Amino acid sequence: MNFQIRQAVKANVQGQSADELENVVEDAIKRGEEHLLPGLGVFLEAWWNNADQQKRQNFMQDLAKAMA
């Protein structure tokens, strides 16, 4: 079976509003299920690929603080 997680996640959320996407993220975090982590990774990858260098730097600083 050739299952592409990136394609599946993107297909499942295509066309959703910012509020709907926020609900997806909040639900995944609340549920705390390991199998949802790759989907959140796809979201991060999409954001990262569309962020400029300043947004990336700010994110990494915030992430470093959160992981401290």
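Quick caveat: nothing in here was measured; it's all calculated off a predicted structure.

Enquirer: Help me out: how do you make sense of the packing of aromatic side chains in this one?
Expert: The description of two aromatic rings rests on the distance between their centres and on the angle between their planes. Within this structure, the stated rule accounts for 2 aromatic pairs. With 5.2 Å between their ring centres and 50° between their planes, Trp 47 and Phe 59 make a pair best called tilted. Of the two residues, Trp 47 sits in helix α3 (residues 37-50) while Phe 59 sits in helix α4 (residues 53-67), which places them 12 residues apart along the sequence. Residue classification places Trp 47 among the partly exposed residues on the basis of a relative accessible area of 34%. For Phe 59, a relative accessible area of 27% translates into the label partly exposed. Chaining the aromatic ring pairs together yields one cluster made of Trp 47, Trp 48 and Phe 59.

Enquirer: Help me understand the confidence of the model for the chain in this model?
Expert: Considering every residue of the chain, the mean pLDDT works out to 95; 96% of them sit at 70 or more. Looking at the elements of the chain, mean pLDDT is at its lowest for helix α1 (residues 5-13), recorded as 94, and at its highest for α4, recorded as 98.

Enquirer: What's the story with the packing of α3 against α4 in this structure? I'm lost.
Expert: Their axes nearest at 8 Å, the elements α3 and α4 cross at an angle of 135°. Taken together, α3 and α4 sit at an angle that is classed as oblique. In this structure, α3 uses Leu 44, Trp 47, Trp 48 and Asn 49 to contact α4, whose residues at the interface are Lys 55, Arg 56, Phe 59 and Met 60. A breakdown of the residues in the contact of α3 with α4 according to their chemical character gives 5 nonpolar, 1 polar and 2 charged.

Enquirer: Please clarify how a negative patch on the surface should be interpreted in this entry.
Expert: Together, Asp 19, Glu 20, Glu 22 and Glu 26 make up a region of like negative charge exposed at the surface. Position of Asp 19 relative to the elements: it lies in helix α2 (residues 18-31).

Cut-offs and rules
- Residues numbered from 1 in each chain as written.
- Predicted model: local features only at pLDDT ≥ 70, side-chain atom pairs only at ≥ 80, totals over all residues.
- Heavy atoms only, no water.
- Phe/Tyr/Trp six-rings, centres within 6.5 Å; stacked < 30°, edge-to-face > 60°.
- Helix = DSSP H or I, 4+ residues; strand = E, 2+ residues; numbered from the N terminus.
- Buried < 20%, exposed > 50% of the residue type's maximum accessible area, 1.4 Å probe, protein only.
- pLDDT = per-residue confidence, 0-100.
- Axes fitted to C-alpha atoms, helices over the stretch in contact; angles between N-to-C directions.
- Parallel < 35°, antiparallel > 145°, perpendicular 65-115°, else oblique.
- Contact = heavy atoms within 4.5 Å.
- Nonpolar A, V, L, I, M, F, W, Y, C, P; charged D, E, K, R; others polar.
- Patch = residues over 30% accessible without salt bridge, like charges linked within 9 Å, V, L, I, M, F, W, Y side chains within 5 Å.
- Areas by Shrake-Rupley, 256 points an atom, 1.4 Å probe, with all protein chains shown as cover.
- Salt bridge = Lys/Arg side-chain N within 4 Å of Asp/Glu carboxyl O.
- Lys, Arg positive; Asp, Glu negative; His and termini not counted.
- Charge placed at Lys NZ, Arg CZ, Asp CG, Glu CD.

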